Amino acid sequence: MAQFLKAADTFLNSITTAVNDALYGYILIILLVLGGLFFTVRTRFIQFRLLGEQFRSVTEKPKDGKGVSSFQALMVSTASRVGTGNIIGVSTAICLGGFGSVFWMWIIAIIGGASAFVESTLAQIYKKRSEDGKSYGGPAYYIEGALKNRALAVVFSVLLIITYGFGFNMLASYNLQSTFSGYSFYNENTTPWIIGIILAVIVAICLFGGGKRIISITSFLVPFMGVAYILVALAIVILNITSLPGIFARIFSDAFDFKAIFGGFSGSCVMYGIKRGLFSNEAGVGSAPNASASADVEHPVKQGLVQVLSVFIDTLLVCSATAFMCVCSGVEPTAELSGAPYVQAALSTTLGQFGPIFITIAMILFAFTTLIGNLYYVDQCVYHLLGHKPGKVFKTVYYVVASLVILLGAGLSAGLLWNIADITMGAMTLINIPVIVILSKYAVSALKDYEKQRKEGKQPVFKAKDINLPDNVDYWQ
């Protein structure tokens, strides 16, 4: 049985690798870069121009004091964004793509901020009202509501469920258990499954507690783990501050070493920087809008601005923290160290025995909030496919399956899991980016309306008629 599973893993890995090379070699890179630049120009560089508004929008409270706040929606989306990819993904990119991968992560985050603004603003405009008065939505809803294309919306929902409910959650489970590989008690045949069982049980307990528990848990854990992680990274950088000039020089020189890049593009810093950057911040993928739609705000643009901030927090802060923690250590990245071993080796060099322990704790928190945040997204797409909230029996089966998937991921190979997650995430992006390009006129009109009211000294309030929205929506009448 073990030999059969190994052979199947090898076969599937070879197929998914070939698909990945084609998808990320040209198609997605062109789509993401051109899409991000298009939105950046259309919104007049909103990532930088309205930075102050981004922070102001985070603090907005729900009108009735009972709905989901902008901050809570930010924490749910950040819970999914800020996860194991910020540690293991960054390590993999540096070990396999080189120091230049860090630069391309920054680029994809900076231009991706505009994509995040457009998709999250559209999610707010086209969000739905549930029977209990709360809001929900996402790309499936603006695809169906604005483009009147139910079939495409269903395809997107299915892809998101596969990507986040299966691909990303299996990968998060694997990444978590892999951080224990440096401890003496680790046994590659049994330890991954034991950790997988424990993680699956904890997630199941949380899931059966309901959606409110998901939001409250992520709202508490995300700020705590993010601040602690960045502070430790900052301390390590300060301890090795004399090495920074050389590190920046190497990042930029590797990023523009075109001879090396085009000599082997599938393994280049550009490829790994964009793949791992997209996996980490998810700008343009169509995931975060599912959380954005739940926020109770008076103007859709406010939540769009909040999601720009989420992308920056994820990549420019947390991913950069991991990158500099590793490269400042002096440990040279190699393919053999790819993943958790490189991070652990780097922190052991700087912090001694405390390093691996800290990274293990960070991975536990990162993985847990990633799993919970991902399943929140899956919930929204399950609702879309069924047309209503599922009954108790369906939810019980769904939660059990979601927990078993987490258990399964702990024991599979890293290469196959990365490939599956990259392919399904890429497929979501192939649908979402063209859709938000088509619908961006409404997000831009909403932005102009928001800025006009701000200039008039008003607290912006949105009405669908103010931008001549041709579609019927549950809110904004």
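Scroll up a little and you will see the structure.
Moving on: the nonpolar core. Ranked by size, the top nonpolar core spans 133 residues in total, and within it Ile87, Leu122, Tyr126, Tyr142, Tyr229 and Phe324 carry the most contacts. Ranked by the residues each element gives to this core, the list is headed by helix 17 (residues 354–386), at 17 residues.

Here we take up helix 17. The terminal C-alpha atoms of helix 17, which comprises 33 residues, lie 48 Å apart, in line with the 48 Å expected from a rise of 1.5 Å per residue. Here helix 17 lies mainly inside the structure; 27 of its 33 residues are buried.

Now for a nonpolar patch on the surface. On the surface, Val158, Ile162, Phe166, Leu385, Leu386, Val393, Phe394, Val397 and Val401 cluster together into a nonpolar patch covering about 700 Å² of accessible area. For the nonpolar patch, the secondary-structure elements that each account for two or more residues are helix 8 (150–178), helix 17 and helix 18 (392–411). Residue placement: isoleucine 162 occurs in helix 8.

All told, the structure shown has 17 aromatic pairs when counted by the stated rule. Between phenylalanine 208 and tyrosine 399, the ring centres sit 5.3 Å apart and the planes meet at 80°, which makes this aromatic pair edge-to-face. Highlighted residues: phenylalanine 208 in the loop between helix 9 (191–207) and helix 10 (211–239) and tyrosine 399 in helix 18, separated in sequence by 191 residues. Take tyrosine 399: its relative accessible area is 6%, and that puts it in the buried class. Where tyrosine 475 meets tryptophan 476, the ring centres are 6.3 Å apart and the plane angle is 50°; that geometry is what we call tilted.

So, on to the packing of helix 7 (residues 139–147) against helix 17. The N-to-C vectors of helix 7 and helix 17 enclose an angle of 35°; their axes lie 9 Å apart at closest approach. Every residue of helix 17 that contacts helix 7 at Ala140, Tyr141 and Glu144 is listed here: Gln380, Tyr383 and His384. Looking at side-chain class alone, the contact of helix 7 with helix 17 contains three nonpolar, two polar and one charged residues.

Looking now at the environment of alanine 340. Along the chain, the position of alanine 340 falls in helix 16 (residues 340–351). On the basis of relative accessible area, alanine 340 is assigned to the buried category, the value being 5%. When the C-alpha positions of alanine 340 and threonine 92 are compared, they lie 8.4 Å apart, and in sequence the two are 248 residues distant. Those residues within four positions of alanine 340 in sequence are excluded, and the remaining contacts are Ile88, Ser178 and Thr179.

Here is what the cut-offs are and how they apply
Residues numbered from 1 in each chain as written. Predicted model: local features only at pLDDT ≥ 70, side-chain atom pairs only at ≥ 80, totals over all residues. Heavy atoms only, no water. Core = buried A, V, L, I, M, F, W, Y, C linked by side-chain atoms within 4.5 Å. Buried < 20%, exposed > 50% of the residue type's maximum accessible area, 1.4 Å probe, protein only. Helix = DSSP H or I, 4+ residues; strand = E, 2+ residues; numbered from the N terminus. Expected span 1.5 Å × (residues − 1). Patch = residues over 30% accessible without salt bridge, like charges linked within 9 Å, V, L, I, M, F, W, Y side chains within 5 Å. Areas by Shrake-Rupley, 256 points an atom, 1.4 Å probe, with all protein chains shown as cover. Salt bridge = Lys/Arg side-chain N within 4 Å of Asp/Glu carboxyl O. Phe/Tyr/Trp six-rings, centres within 6.5 Å; stacked < 30°, edge-to-face > 60°. Axes fitted to C-alpha atoms, helices over the stretch in contact; angles between N-to-C directions. Contact = heavy atoms within 4.5 Å. Nonpolar A, V, L, I, M, F, W, Y, C, P; charged D, E, K, R; others polar.

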